[in-house]
Amino acid sequence: MEITLTESNFEQEVLKSDKPVLVDFWASWCGPCKMLAPTIAQIAEENEGVIKVGKVNVDDEPDLAQKYGIVSIPTVILFKNGEEAAKSMGFVPKENLEAMFK
């Protein structure tokens, strides 16, 4: 299951999470974001209980996007123990995203 992340729940859901969290920074008008969305959903479903998967709409949450240096979307960041552990920019194959947390 994917979690919608906002400024108000980001700290609790991501930074204080006891599991790694894969965060997809995206926007509704972004073509590559739309192409990546099914892959993100599949990763969330296949790894439920192992990692959390969240999505940040950069149009709705510009402060979060700025805080994490999002200059291109889609950008996927893996957080472990509240820290950025890996980052991927642009559309990438599922295997590349899975390699971030496996």
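Each chain has its residues counted from 1, running along the sequence as written. Only residues with pLDDT of 70 or above have their local features reported here, since the model is predicted, and side-chain atom pairs are shown and tallied only from 80 upward, although totals for entire chains, interfaces and linings are computed over all residues. Just so you know, side-chain values use all the structure's heavy atoms and leave hydrogens and water out.

## What to know about the pairing of strand β3 (residues 52-57)
- Most of β3 sits inside the fold, with 5 of its 6 residues counted as buried.
- Bridge analysis of strand β1 (residues 2-4) against β3 gives 3 bridges, and the strand direction is parallel. Bridge assignment links Thr-4 to a residue of β3, and that residue is Lys-55.
- Two strands form a pair only when DSSP identifies at least two bridges running between them. Helix and strand assignments come from DSSP, with helices taken as H or I runs of at least 4 residues and strands as E runs of at least 2, each series counted from the N terminus. Pairing of strand β2 (residues 21-26) with β3 involves 6 bridges; the strand directions are parallel. For Val-21, the partnering residue across the bridge sits in β3 and is Lys-52.
- Handedness of the crossover is the feature at issue here: the chain leaves β2, passes through helix α2 (residues 31-46), returns alongside β3, and the resulting connection is right-handed. Whether a residue is buried, partly exposed or exposed follows from its accessible area with a 1.4 Å probe, protein chains only, as a fraction of its type maximum: under 20%, in between, or over 50%, in that order. Note on handedness: a crossover is taken as right-handed if, strands pointing away from the viewer, the path from the first strand over the helix to the second is clockwise.

## A word on the sheet that holds β2
- Reading across from one edge, β1-β3-β2-β4-β5 is the order of the 5 strands in this open sheet, with mixed pairing throughout. The open sheet has two edge strands, β1 and β5 (83-89), and neither has a second partner. Averaged over all neighbouring strand pairs, the angle between strand axes comes to 25°, with direction disregarded.
- Contacts from α2 reach β1, β2, β3 and β4 (75-80), with the element oriented near 155° to β3.
- On top of the sheet, helix α4 (residues 94-101) reaches β2, β4 and β5; it is set at about 20° to β4, its chief contact. Angular values range over 0 to 180 degrees, each being the angle between N-to-C directions of two axes fitted as lines to C-alpha atoms, with helices fitted over their stretch in contact. By the convention used here, residues are in contact when the closest approach between their heavy atoms is within 4.5 Å.

Everything listed here is a matter of coordinates, which is why it stays silent on function.
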